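# Survey of secondary and tertiary structure
Spelled out from the first residue to the last, the chains are:
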Amino acid sequence: MRKLGFVFLFCSFSIFSAGAAGTEDRELRTLLEGRYAALKVAMAARNENEIVSLLSPDFVSEDLSGKVSTASQMIQQVKALPQDPNKVSKTTLLSIRPEGGVAVVEQRYDMKTKKISADGAKRDAGMTTLSTDTWIMVNGTWLLQRTVTNQLDFSLDGQAVAHKVRAPAP
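Residues numbered from 1 in each chain as written. Predicted model: local features only at pLDDT ≥ 70, side-chain atom pairs only at ≥ 80, totals over all residues. Heavy atoms only, no water.

## Overview of the overall build of the chain
We count it as follows: Each helix is a run of H or I in the DSSP string that is no shorter than four residues. Each strand is a run of E no shorter than two, and both are numbered from the N terminus. Only protein chains enter the accessibility calculation, which uses a 1.4 Å probe; a residue is then buried when its area is under 20% of its type maximum, exposed when over 50%, and partly exposed in between. Each accessible area is a Shrake-Rupley estimate made with a 1.4 Å probe; only the visible protein chains count as cover when residues are assessed.
Looking only at helices and strands, one finds 4 helices and 7 strands in the chain. Along the chain direction, N to C, the helices and strands of the chain fall in the order α-α-α-β-β-α-β-β-β-β-β. Among the 170 residues that make up the chain, the fraction classed as buried is 40%. Taken as a whole, the chain presents about 9100 Å² of accessible surface, with 56% of it coming from carbon and sulfur.

## Examining the pairing of strand β3 (residues 88–99)
Stated precisely, the cut-off is as follows: Strand pairing is assigned whenever DSSP detects at least two bridges linking the two strands.
Across 11 bridges, β3 lies against strand β4 (residues 102–116) in antiparallel orientation. For Thr91, the partnering residue across the bridge sits in β4 and is Tyr109. Taken together, β3 and the strand that follows it, β4, pair antiparallel across an intervening segment of 2 residues, in which Gly100 is found at a positive phi of about 65°.

## Digging into the pairing of strand β7 (residues 159–165)
Summarising the sheet, strand β6 (residues 141–156) and β7 pair through 6 bridges and their orientation is antiparallel. Counted as the bridge partner of Leu156 is Gln159 from β7. Counting the residues that bridge the hairpin from β6 to β7 gives 2 residues, and of these Asp157 lies at a positive phi of roughly 50°.

## Quick notes on the nonpolar core
Put simply, the rule is: We call a set of buried Ala, Val, Leu, Ile, Met, Phe, Trp, Tyr and Cys residues a nonpolar core when their side-chain atoms join them within 4.5 Å. Two residues qualify as a contact provided that any one of their heavy atoms is within 4.5 Å of a heavy atom in the partner residue.
Judged by nonpolar contacts, the single largest core of 21 residues is most densely connected at Leu32, Ile51, Met74 and Trp135. Of all the secondary structure elements, the ones that give two or more residues to this core are α2 (20–44), β1 (55–62), α4 (71–80), β3, β4 and β6. The biggest single contributor to this core is α2, with 6 residues. What Trp135 contacts, discounting residues up to four positions off in sequence, is Leu32, Arg35, Tyr36, Leu54, Gly101, Val102, Ala103, Val105, Trp142, Leu143, Leu144 and Gln145. Core analysis: the second largest hydrophobic core is formed by 8 residues, Met111, Ala125, Met127 and Ala162 among them.

## Concerning the packing of aromatic side chains
Short version of the rule: The criterion for an aromatic pair is that two Phe, Tyr or Trp rings (for Trp, the six-membered ring) have centres within 6.5 Å, with stacked assigned to planes under 30 degrees apart, edge-to-face to planes over 60 apart and tilted to the rest.
Summed over all chains, the structure comprises 1 aromatic pair. Taken together, a centroid distance of 5.2 Å and an interplanar angle of 70° make the contact between Tyr36 and Trp135 edge-to-face. Note that Tyr36 is positioned in helix α2 and Trp135 in strand β5 (residues 122–138), a separation of 99 residues in sequence. Across the pair, Trp135 and Tyr36 agree in class, each one buried.

What follows is the structure, encoded as structure tokens:
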């Protein structure tokens, strides 16, 4: 389950103040939504070069337990997952905090699919993750530097099966 939460959180899409700064924030939101969409497409296609092009050279992903994976490790996990023609997903940017060449994004990833249970019945499966992503500007391009999964919820047929939350830092 942790592996699924890790991988799906990428496939993964703020509330801004009004005025001139709001216009800039809307532009950044649109740009980052495009980066998330491009990452979703690259991951669905298992296109390693495209995935790498969206990540900073020092990219890391941290799961709920605090385990850190590199870009290479994450890509291998994505490639190992079976294709799922029933999967529908959406990433929602909940907030964006830009400061200089860094943007911290709180995002929610929602995924739904159909799974066949051991008895042959089709079941509706759903997963939601909440993550904190750090994007950095490198040579004029926003690249994902870090993603930290904060919460993962999994359901079958609308019933909660798992709810995991990152332990608070000591």
